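Chain by chain, the residues:
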Amino acid sequence: MGKQNQAKRHHHGNLREALITAAIDILGAGGPDALTLRKCAARAGVSHAAPAHHFNGLVSLKIAVIARGHDMFADTMHRARDRAEQNPHARLNAICQGYLEFATTHTDLFKFMFQPHGALPDSIDTTTGMEISRASMASYGVLRDACAPFEHDRGGNLGTETMVWSLVHGYAMLFSTNTTSQAPFGPIPDFNDILPKLLLKSDPAQ
């Protein structure tokens with residue numbers, strides 16, 4: 001009876017949302033290999049056939065999870081930026097710290113977001129396709145906007161964004177998702193110390 005009531009609640013509420021939340025919980029508890037449609041349905045309190053009403057199979061659900069991850073990712077960077085001093089260097093440093101905070105706090109989801117999942121456009125339902133496009137552009141937009149005030153060298157604005165993104169993502173993958181505080185060569189340097197001091201477009205030093 002309790003399970004039926006729970007299923008009814010999700011049906012009359014937002015079953016799709018419940019399945020995405022269940023998938024994120026399962027991912028955090030057991031890693032990517034634990035993620036199945038049946039387990040998500042069971043955790044959401046619905047029949048194993050229910051996910052088919054919202055997702056074109058497991059790959060589609062995985063992409064929906066990644067889209068939700070990008071929303072959380074962008075929110076974390078926005079909050080870090082809003083706490084910082086309101087100058088371009090402080091804001092850029094802050095969104096990088098937010099990037100690392102997300103990688104540390106949501107390690108399994110962070111790694112999952114940047115893994116290949118074999119998703120072809122026709123394997124993703126329309127709603128999920130729109131969500132991943134919007135959410136991934138929004139999270140990258142935080143980085144893009146933070147880089148915009150700076151002078152661009154070779155590669156233009158995309159070169160600056162790629163350089164900063166490569167640095168912070170590489171740092172996150174190497175250190176923020178690592179349980180040790182030591183690199184093979186010694187203590188890990190703070191990210192603040194390796195992020196270059198970029199020149200502002202209006203900087204008279206130019």
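Note that the structure is predicted; figures quoted are calculated from it, not measured.

Chemist: How should I be thinking about the packing of aromatic side chains in this particular structure?
Modeler: The geometry of an aromatic ring pair is captured by two quantities: the separation of the ring centres and the angle between the planes. The full count for this structure, using the stated rule, is ten aromatic pairs. Among the aromatic residues, those joined into a cluster by ring pairs are Phe73, Tyr99, Phe102, Phe110 and Phe114.

Chemist: Please explain the nonpolar core as it appears in this structure.
Modeler: Taken as a class, soluble globular proteins show a tendency for nonpolar side chains to be buried jointly. Counting residues in hydrophobic clusters, the biggest one holds 52 residues, and the most contacted among them are Leu92, Ile95, Cys96 and Val164. Of all elements in the fold, only helix H2 (15-30), helix H3 (37-44), helix H4 (58-83), helix H5 (88-105), helix H6 (107-113), helix H7 (126-147) and helix H8 (156-176) reach the threshold of two or more residues within this core. Looking at which element gives the most residues to this core, the answer is H4, with nine residues. Excluding its chain neighbours within four sequence positions, the residues that come into contact with Val164 are Leu92, Cys96, Leu143, Cys147, Leu195 and Leu198.

Chemist: How should I be thinking about the environment of Ala172 in this particular structure?
Modeler: Along the chain, the position of Ala172 falls in helix H8. In this structure Ala172 comes out as buried when scored by relative accessible area, which is 0%. As a C-alpha pair, Ala172 and Phe102 span 70 residues in sequence and 9.2 Å in three-dimensional space. Those residues in contact with Ala172 that sit more than four places away from it in its chain are Tyr99, Leu100, Ala103, Phe110 and Thr177.

Chemist: Explain the side chain of Arg68 here, please?
Modeler: Here Arg68 is to be found in helix H4. By relative accessible area, which is 18% here, Arg68 ends up buried. Ignoring any residue separated from it by four or fewer positions in sequence, one finds Arg68 in contact with Glu17, Ile20 and Ile24.

Definitions and limits used
- Residues numbered from 1 in each chain as written.
- Predicted model: local features only at pLDDT ≥ 70, side-chain atom pairs only at ≥ 80, totals over all residues.
- Heavy atoms only, no water.
- Phe/Tyr/Trp six-rings, centres within 6.5 Å; stacked < 30°, edge-to-face > 60°.
- Core = buried A, V, L, I, M, F, W, Y, C linked by side-chain atoms within 4.5 Å.
- Buried < 20%, exposed > 50% of the residue type's maximum accessible area, 1.4 Å probe, protein only.
- Helix = DSSP H or I, 4+ residues; strand = E, 2+ residues; numbered from the N terminus.
- Contact = heavy atoms within 4.5 Å.

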